[in-house]
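# Architecture at a glance
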Amino acid sequence: MRFFAVVVACLPALSSAHTIAQRVRVNGNDNGELVGLRVPNSNNPITNVNDGSIACNSGYRTPVSSKVIDVKAGDKIGVQWGHVIGGAQSANDADHPIAKSHKGPTIFYLAKVDNAATAQPSGQKWFKVSEDGLDGSGTWGVDRMISAGGWVDFTLPTCVAPGQYLLRAEIIALHSATKAGGAQFYMGCAQINVSGSGTKTGSTVSFPGAYQANDAGILVSIYDAQGNPKGNGSPYKIPGPAKLTC
Ligand SMILES: *[C@@H]1O[C@H](CO)[C@@H](O)[C@H](O)[C@H]1NC(C)=O
Ligand SMILES: [Cu+2]
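Residues numbered from 1 in each chain as written. Chains lettered and ligands numbered in written order. Predicted model: local features only at pLDDT ≥ 70, side-chain atom pairs only at ≥ 80, totals over all residues. Heavy atoms only, no water.

## Digging into the coordination of the copper ion (ligand 2)
To be explicit about the condition: Nitrogen, oxygen and sulfur within 2.8 Å of a metal are treated as its donors, or within 3.2 Å for sodium, potassium and calcium (Na, K, Ca); water is not counted, so a site can appear incomplete. Any coordination sphere not matching a tetrahedral pattern (four donors, all angles between 85 and 135 degrees) or a square planar or octahedral pattern (four or six donors, opposite donors over 155 degrees apart, other angles between 65 and 115) is reported as irregular. Put simply, DSSP H or I for four residues or longer makes a helix, DSSP E for two residues or longer makes a strand, and each gets a number counted from the N terminus. To sort residues, take the accessible area from a 1.4 Å probe on protein chains only and compare it with the maximum for the residue type: under 20% means buried, over 50% means exposed, and anything in between is partly exposed.
All of the protein donors around the copper ion (ligand 2) are Ala17 (O), His18 (ND1), His102 (NE2) and Tyr186 (OH); their distances to the metal are 1.9 to 2.7 Å. One can describe the site at the copper ion (ligand 2) as irregular: its four donor atoms subtend angles covering 72 to 175 degrees at the metal. Here the donor residues for the copper ion (ligand 2) map to a single chain with the spacing A-H-x83-H-x83-Y. Remark: Tyr186 occurs in strand S10 (residues 184–195) and His18 occurs in the loop between helix H1 (2–10) and strand S1 (20–26); sequence separation between them is 168 residues. Accessibility assignment for this pair places His18 and Tyr186 in one class, buried.

## Comments concerning the nonpolar core
How we decide: To form a nonpolar core, buried Ala, Val, Leu, Ile, Met, Phe, Trp, Tyr and Cys residues must be joined to one another through side-chain atoms within 4.5 Å. Here, residues are in contact when the closest pair of their heavy atoms is within 4.5 Å.
If you look at the biggest cluster of nonpolar residues, it comprises 36 residues, and the most contacted ones within it are Trp81, Leu110, Leu167 and Ile192. In terms of residue count, strand S9 (residues 163–173) provides more of this core than any other element does, five residues in total. When near neighbours in sequence (up to four residues on either side) are disregarded, Ile192 contacts Val68, Ile69, Val71, Ile77, Leu110, Ala116, Gly163, Gln164, Tyr165 and Leu167. Val49, Ala116, Ile222 and Ile238 belong to the second largest nonpolar core, which has 31 residues in total.

## Description of the pairing of S9
On a regular strand, each side chain points to the face opposite its neighbour's, so the side chains alternate between the two faces of the sheet. What counts, and what does not: Here, strands pair whenever DSSP counts at least two bridges between them.
Most of S9 is tucked away: 10 of the 11 residues are buried. Pairing between strand S6 (residues 106–113) and S9: eight bridges, direction antiparallel. From the neighbouring strand, Leu110 faces S9, where its bridge partner is Leu167. Pairing of S9 with S10, which is carried by 11 bridges, proceeds in the antiparallel orientation. Among the inter-strand pairings, Ala169 is bridged to a residue of S10, identified as Gly188.

## What about the site of ligand 1?
To keep things clear, this is the line we draw: The criterion for a residue being near a molecule or strand is simple. One of its heavy atoms has to lie within 4 Å of it. Here a polar contact is recorded for every N or O atom pair within 3.5 Å, except that within protein the pair must consist of a potential hydrogen donor and a potential acceptor, and residues adjacent in sequence are included only if both atoms are side-chain atoms. Using the Shrake-Rupley algorithm and a 1.4 Å probe, accessible areas are obtained, with residue cover drawn only from the displayed protein chains.
In the vicinity of ligand 1, the residues found are Asp70, Gln164 and Asn193. A distance of 2.3 Å is found between an oxygen atom of ligand 1 and a side-chain nitrogen or oxygen belonging to Asn193. Within the complex, the protein chains bury 37% of what would otherwise be the 360 Å² of accessible surface of ligand 1.

## Brief notes about the UniProt feature "domain: Auxiliary Activity family 9 catalytic" (unreviewed entry) in the chain
Here is the rule: UniProt positions are given in the numbering used here, feature names are shortened, and annotations may be inferred rather than shown by experiment.
UniProt records the feature "domain: Auxiliary Activity family 9 catalytic" (unreviewed entry) for residues 18–225 in the present numbering. Between the end C-alpha atoms of residues 18–225 the distance is 26 Å, and the span holds 3% helix and 31% strand.

## Some details on the environment of Lys125
With respect to the element layout, Lys125 can be found in the loop between S6 and strand S7 (126–132). For Lys125, a relative accessible area of 48% translates into the label partly exposed. Between the C-alpha atoms of Lys125 and Ile146, which are 21 residues apart in sequence, the distance is 30 Å. When neighbours within four sequence positions are excluded, Lys125 is seen to be in contact with Leu110, Ala111, Lys112, Thr204, Val205 and Ser206. A distance of 3.3 Å separates a polar atom in the side chain of Lys125 from a polar atom in the side chain of Ser206.

## Description of empty space enclosed by the protein
Here is the rule we go by: Cavity means a closed set of points on a 1 Å grid over the protein atoms alone, one where a 1.4 Å probe fits but cannot get out, pocket means an open set with protein on both sides within 12 Å along at least 5 of 7 lines, and lining means a residue has an atom within 4 Å of a point. Grid points are joined across faces, edges and corners, and a volume is the space filled by probe spheres set on the points. In this count, Pro and Cys sit with the nonpolar residues alongside Ala, Val, Leu, Ile, Met, Phe, Trp and Tyr, while Asp, Glu, Lys and Arg are called charged and the others, Gly among them, polar.
Taken as a whole, this structure holds one cavity of 30 Å³ or more when the rule is applied. Size it by volume and the largest cavity reaches roughly 40 Å³. Lining the largest cavity, in full, are Thr19, Ile20, Ala21, Pro40, Ser42, Asn43, Asn44, Asn57, Trp81, Tyr186 and Met187. Broken down by secondary-structure element, the contributors of at least two residues to the lining of the largest cavity are S1 and S10. Grouping the constituent residues of the lining of the largest cavity by class yields six nonpolar, five polar and no charged.

Here it is in C-alpha cells:
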C-alpha cells in the first residue's frame, strides 16, 4: 500500500513537474520577474546532496540581474516559485507553482558576502534564518507555498548584521524520498543588502556539506499507513542546522 502510494505520487515528476525561484518581494513589494536573484533556466531538481551547484543552482537565465535588493533587518522578505520562468506553463497548469505531490519543507539561508551581485555561491558560509516543515495537521511548507500562489515569506531576524548577503531560498520535495537520492532539492539565490543595527551572522554551514543523503529529513517516508503524504507519525526533522535566534 505504501509502495503503491509512493509510485503514484512520483509519476508526475518524471517529466517536468518542478519549480523555479524567480521573484523577490520585500514587505509585499514585488521587485519583478528575475530581478535581484539568480534564476536557473531549468526547473529540474538537484538530487545529489554533494552536487557543487546545491548552494545556488546553476545554468542561469542571462543576463543575471545586477540588482541588489535593499532590506532592513526585521523586514518581511518573500521569494516566489513557479513551474517555469514566467510562472505557469499553460492555462490552468496543475503543476504551478509546483506539483501537489511535492510535499516538503521550505527553507531560507543567508551567506555574508562583499558584493552580492558578483559573489560566487561556492565556498560561502551559510546560516539558516527560516524554515517551515510539517505541522500537526499534516500540512507541509510546500502546501502553504502553493496556497500563497508560490510565495514563501519570512521575517528577516532583527539581529542580522548589516551588509550584503546571498539569500538562499530552498524547497525540498520528499514524495520519492524513501530511497537514497530520491529527495529533490530546488533552490535559487537572491542578492540583498541588509541595513540595521544587528550584529549576528549565525553559526554557519557549507553547501555542499550541510546535508547528508541519509539525514532524517532527507531519507524519509512522508506517508502514513493509508498512503497519505501527511507524515509518517513521527515529527518531521527539517535538514540543516538550527535557525538563527536573536
Ligand atoms: C546598502 O545599504 C546601505 C545602507 O542603506 C547603503 O549605504 C549602501 O549603499 C547599500 N549598498 C548597496 C550595494 O546597495
Ligand atoms: Cu518535480
